[in-house]
Amino acid sequence: MLNTQIKNILSFIGLFLLQVLMLDNIGLGSYVHPVVYVIFIMQRPFKTPRIQLLLEGFAMGIAVDIFNGTPGLNAAATVLVAYLRPYIIDMMTRKSELDEKQEPTVEKKGSVWFFVYSLIILIIHNFTFFLLEAFTFKLLGVILLEMLASVPVSALLILLISYLFKPIKKKKFV
C-alpha cells in the first residue's frame, strides 16, 4: 500500500514537472500544445472511486494552471476527463475483463486499446481546454485546428512514455 502511494506521488510529480518545465516551453508552433500529464488520471486502477479521480484530476490540473497562469482551464478539462473516464472504460472494456486493481496501461490492455483510450481522453481534454481558452464558439475552427495538431502529438508522447516506464518483466529461471 505504501509502495503504491509513493509510486503515485512520484508519478504525479514527474508528470507535472515534465509538462510544465519541458513540454509547455517547447515551441512546436502556435497550434501544437502537447499534454501528457493526463496519464496520471488515465492509468489509475479501473475501480478507483470517482471522487478520488475527481480530486486527483483537480489537483493535477490546478497545479499545472498555477504554474502556467491559466486560471482553472487545465483543472476544468482534467476534472471532466476524470469524471468521464469510468464511462469511457466501460464503453471500451467488458465487465468481465475489469480487475479491481488492474490499471489501464499498455502492458495490461495492449497498444491498440491504450492508443484508442488515449485518443478519446485527449480529444475530450483538449476540446474542453481550447474551448474554455477561446470562450466562444466563433473560434471553433481554431479550436479544431489546435485539437488536430495537439492530440496526435500528445497521444504519441503518451504512448512513448508508457513504453519507457513499462515495468520490466522478470525472467524466470528453471
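Residues numbered from 1 in each chain as written. Predicted model: local features only at pLDDT ≥ 70, side-chain atom pairs only at ≥ 80, totals over all residues. Heavy atoms only, no water.

Please give an account of the overall build of the protein chain that cites residues and values.
In terms of helices and strands, the protein chain carries seven helices and zero strands. Beginning at the N terminus, the succession of helices and strands in the protein chain can be written as α-α-α-α-α-α-α. A compact globule built from 174 residues should have a C-alpha radius of gyration of about 16 Å, and the protein chain, at 16 Å, falls within 12% of that. If you line up the protein chain on its principal axes, its C-alpha atoms span 65 × 35 × 30 Å. A total of about 10200 Å² of accessible surface is found on the protein chain, and carbon and sulfur atoms cover 70% of it. (Helix = DSSP H or I, 4+ residues; strand = E, 2+ residues; numbered from the N terminus. Rg over C-alpha atoms; globule rule 2.2 N^0.38 Å. Areas by Shrake-Rupley, 256 points an atom, 1.4 Å probe, with all protein chains shown as cover.)

I'd like a rundown of the packing of helix 3 (residues 50-68) against helix 4 (residues 73-92), residues and numbers included.
In a packed pair of helices, the relevant descriptors are the angle between the two axes and the axis-to-axis distance. Where helix 3 contacts helix 4, the axes come no closer than 7 Å and their chain directions differ by 155°. Between helix 3 and helix 4, the angle falls in the class roughly antiparallel. In this structure, helix 3 meets helix 4 at a crossing whose hand is right-handed. Residue-level inspection shows Arg 50, Leu 53, Leu 54, Gly 57, Phe 58, Gly 61, Ile 62, Val 64 and Asp 65 of helix 3 in contact with helix 4, the latter providing Leu 73, Asn 74, Ala 75, Thr 78, Val 79, Ala 82, Tyr 83, Arg 85, Pro 86 and Tyr 87. (Axes fitted to C-alpha atoms, helices over the stretch in contact; angles between N-to-C directions. Parallel < 35°, antiparallel > 145°, perpendicular 65-115°, else oblique. Left-handed = near helix turned anticlockwise from the far one by under 90°. Contact = heavy atoms within 4.5 Å.)

Run through the pattern of salt bridges, naming residues and quoting values.
On inspection of all chains with the given rule, the structure shows two salt bridges. Glu 56 is the salt-bridge partner of Arg 44, the closest N and O atoms lying 2.8 Å from each other. With Arg 44 in the loop between helix 2 (39-42) and helix 3 and Glu 56 in helix 3, this residue pair connects regions lying 12 residues apart in the sequence. Judged by relative accessible area, which is 6%, Arg 44 ranks as buried. Glu 56 sits in the buried class, given a relative accessible area of 17%. (Salt bridge = Lys/Arg side-chain N within 4 Å of Asp/Glu carboxyl O. Buried < 20%, exposed > 50% of the residue type's maximum accessible area, 1.4 Å probe, protein only.)

Tell me about the side chain of Asn 74, residues and numbers included.
Secondary-structure assignment places Asn 74 in helix 4. Asn 74 gets classed as buried once you look at its relative accessible area, which sits at 6%. Within the structure, the side chain of Asn 74 is placed 2.8 Å from the side chain of Asp 65, a separation counted as a polar contact. (Polar contact = N/O pair within 3.5 Å; in protein donor to acceptor, adjacent residues only side chain to side chain.)

Quick rundown of a nonpolar patch on the surface? Include the residues and the values.
Residues Ile 9, Ile 13, Leu 17, Leu 21, Met 22, Ile 26, Leu 28 and Phe 67 make up a contiguous nonpolar surface patch of roughly 740 Å² in combined accessible area. The greatest single-element share of the nonpolar patch, amounting to five residues, is contributed by helix 1 (residues 2-22). The topology assignment puts Ile 13 in helix 1. (Patch = residues over 30% accessible without salt bridge, like charges linked within 9 Å, V, L, I, M, F, W, Y side chains within 5 Å.)

I'd like to hear about unusual backbone geometry, residue by residue, with values.
Within the chain, Phe 135 stands out as a residue other than glycine whose phi angle is a positive 55°. Its location among the elements puts Phe 135 in the loop between helix 6 (111-134) and helix 7 (140-164).

Let's hear about helix 6: which residues, and what values?
Under the 1.5 Å per step criterion, the end-to-end length of helix 6 is 33 Å for 24 residues, consistent within 8% with the ideal 34 Å. Those residues of helix 6 that fall on the buried side of the exposure criterion are Trp 113, Phe 114, Tyr 117, Ser 118, Ile 121, Leu 122, His 125, Asn 126, Thr 128, Phe 129, Phe 130 and Leu 131. Remark: Phe 135 follows helix 6 within two positions and exhibits a positive phi of approximately 55°. (Expected span 1.5 Å × (residues − 1).)

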